[in-house]
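So the chains spell out like this:
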Amino acid sequence: MKKSPVKVYYYYDLTDTDFFCRLLEKRFRETGHDRQMEFINWNCYKTPPGDDGDIYIYDAVAMTALVERGFLHELPDIINVSDMFGWTIDKSKVRKKTYGVPLMMCSNVLICRREDDRGIRNVLDLAEPVAIPLRTMFMYYYLQAFCNYQDRSGRDLAVMKRLVELTGHKGVIETSTLKDYDGIRKFNQRECRYFLGFTENLRLFDPGDYVVRLANFSEHDEDQMPLFMVDYASISNRVKEEKLLDCLDLLEIMTDPQFIYELCTAGGELHYMLPACRSVYGDLAKADPLYNELYQMLLPEENGVFRYGGRFYKDFYKRSDELLRTVVEGMASGDLEKERSGNEKDIDRH
């Protein structure tokens, strides 16, 4: 009887998704497996996956929604996660159960050239134009600001107002999506000294010495609750018997340090991704000592995983656009005392 293929719904926005798929299948074959693999590119932010998947790779912001919809299998204890940053495991549980292994992390960071560094500690200290993908990331910025204040004083909305001001305000609703983001060019051509984005953007910058700090969406000197977007791999709830064993082997391959190192250096160059596997950082730092600083950013146990509730697919981006318009229109009218988005109750404070 012919074996059914392993269907992998994979995160569409790794720096080199084709390389990831090729490397994963290559390692699968090298470990003696002959089951066919089928890779399905999936935007985990926009829609749930198909229910025919065997492995799902996704951002943790959607984890609770995927669990509540019955997609994910609780992670068996046989998967070794001892090499992962502890908080990526402890703070990713849904109702005290672990559903996925962390692969890569991502954080909003503020980047500048070392010669331009003025020791900026939070976004409210910025007083000049900054390259910011505002519309796509608006709700992530807002919830990070909300978690820093945990009150209804309006200080979180003041942070969002400042971000809109830093983009230049004009056309921000239409032109500040990641898809249309022109920040790399602006930064490389020195139209702005600061860049708000991800560590992965470093690979697209001109050669130089850069300072990278966690973006702090508050008035404090330090982020009171750092949040990271974390990519996880999970097994489908529908997988049974022999295929389940193959899927477990694939998860073990994906968390193997050598596999992760090759993924982070695909094509012979650093991609500046942040792997969840701690032991990889020493080798990555040999290629660029900046990885020593990035590693230190990831050590604190107060780091959190960016999570959202079960209604993620129903209202996360809808509410985000509503909030952005509220802030922009409130600035135009001089009245920013508008009703909040209502999303606060849906963030999992991990």
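Before reading further, recall that the structure is shown in the block above.
Residues numbered from 1 in each chain as written. Predicted model: local features only at pLDDT ≥ 70, side-chain atom pairs only at ≥ 80, totals over all residues. Heavy atoms only, no water.

Q: Sorry if this is basic, but what is going on with the overall build of the chain here?
A: A tally of regular secondary structure across the chain gives 12 helices and 13 strands. Counting only C-alpha atoms, the chain reaches 70 × 45 × 35 Å along its principal axes. Split into buried and exposed, the 350 residues of the chain put 56% on the buried side. Here the analysis covers contacts within the chain between residues at least 6 apart in sequence; of these, 78% occur between residues at least 24 apart. For the chain, the accessible area works out to roughly 15,300 Å², and carbon and sulfur atoms hold 46% of it. The centroid of the 47 positive side-chain charges in the chain is displaced by 4 Å from the centroid of its 59 negative side-chain charges. (Helix = DSSP H or I, 4+ residues; strand = E, 2+ residues; numbered from the N terminus. Buried < 20%, exposed > 50% of the residue type's maximum accessible area, 1.4 Å probe, protein only. Contact = heavy atoms within 4.5 Å. Areas by Shrake-Rupley, 256 points an atom, 1.4 Å probe, with all protein chains shown as cover. Lys, Arg positive; Asp, Glu negative; His and termini not counted. Charge placed at Lys NZ, Arg CZ, Asp CG, Glu CD.)

Q: I'm lost on empty space enclosed by the protein in this one. Help?
A: Where empty space is left can be seen by rolling a probe of water-molecule size over the atoms. Under the criterion given, the structure shown has 2 cavities of 30 Å³ or more. Taken as a whole, the second largest cavity spans an internal volume of roughly 40 Å³. In terms of lining residues, the second largest cavity is bounded by Leu110, Ile111, Cys112, Asp117, Ile120, Tyr194, Val211 and Arg213. Elements with a contribution of two residues or more to the lining of the second largest cavity: β5 (109-113) and β8 (210-214). With 3 residues, the top contributor of residues to the lining of the second largest cavity is β5. (1 Å grid on protein atoms, 1.4 Å probe; cavity = no way out; pocket = protein on both sides within 12 Å on 5 of 7 lines; lining within 4 Å. Points joined across faces, edges and corners; volume = space filled by probe spheres on them.)

Q: Sorry, what's going on with the nonpolar core here?
A: Within soluble globular proteins, side chains that are nonpolar generally end up buried alongside one another. In terms of nonpolar packing, the biggest core is built from 131 residues, with Ile57, Leu163, Met254 and Phe312 touching the most fellow members. Per-element accounting of this core gives the leading share, 12 residues, to helix α4 (residues 134-149). Excluding residues within four positions of it along the chain, phenylalanine 312 makes contact with Cys44, Tyr45, Val61, Ala62, Ala65 and Tyr317. (Core = buried A, V, L, I, M, F, W, Y, C linked by side-chain atoms within 4.5 Å.)

Q: Explanation requested: the pairing of strand β1 (residues 6-11) in the structure shown.
A: If a strand is regular, its side chains alternate between the two faces of the sheet. Most of β1 sits out of view: 5 of its 6 residues are buried. Sheet analysis places β1 next to strand β2 (residues 37-42), joined by 6 bridges and oriented parallel. For tyrosine 10, the partnering residue across the bridge sits in β2 and is asparagine 41. (Pairing = 2+ DSSP bridges.)

Q: For this particular structure, what's the right way to read the packing of aromatic side chains?
A: As enumerated under the stated definition, the model contains 27 aromatic pairs in all. Ring geometry for tyrosine 141 against phenylalanine 217: centres 4.9 Å apart, planes inclined by 20 degrees, an arrangement best described as stacked. Placement of tyrosine 141 in helix α4 and of phenylalanine 217 in the loop between β8 and β9 (227-235) is noted, with a sequence separation of 76 residues between them. Comparing tyrosine 141 with phenylalanine 217 shows no difference in burial state: the two are buried. Ring geometry for phenylalanine 187 versus phenylalanine 195: centroids 5.9 Å apart, planes at 65 degrees, classification edge-to-face. (Phe/Tyr/Trp six-rings, centres within 6.5 Å; stacked < 30°, edge-to-face > 60°.)

Q: Sorry if this is basic, but what is going on with unusual backbone geometry here?
A: Across the chain, the bulk of peptide bonds are trans and the bulk of non-glycine residues have phi less than zero. Positive phi outside glycine occurs at arginine 190, with the angle close to 60 degrees. The exposure class of arginine 190 is exposed, given its relative accessible area of 51%. Even without a glycine there, the phi angle at tyrosine 272 is positive, about 55 degrees. Structurally, tyrosine 272 is set in the loop between α9 (257-264) and β10 (274-275). The exposure class assigned to tyrosine 272 is buried, which follows from its relative accessible area of 13%.

Q: Mind showing me how you'd approach the pattern of salt bridges here?
A: One side chain can pair with another of opposite charge once the charged atoms of both are near each other. Throughout the structure, instances matching the rule amount to 23 salt bridges. A salt bridge links aspartate 54 to lysine 243, with the shortest nitrogen-to-oxygen separation between them at 3.2 Å. Placement of aspartate 54 in the loop between β2 and β3 (55-59) and of lysine 243 in helix α8 (residues 241-254) is noted, with a sequence separation of 189 residues between them. Here aspartate 54 and lysine 243 have matching classes, each one buried. Put simply, Lys26, Arg27, Glu30, Asp256 and Glu262 are held in one network by salt bridges that share partners. (Salt bridge = Lys/Arg side-chain N within 4 Å of Asp/Glu carboxyl O.)

The analysis is restricted to geometry; functional conclusions fall outside its scope.
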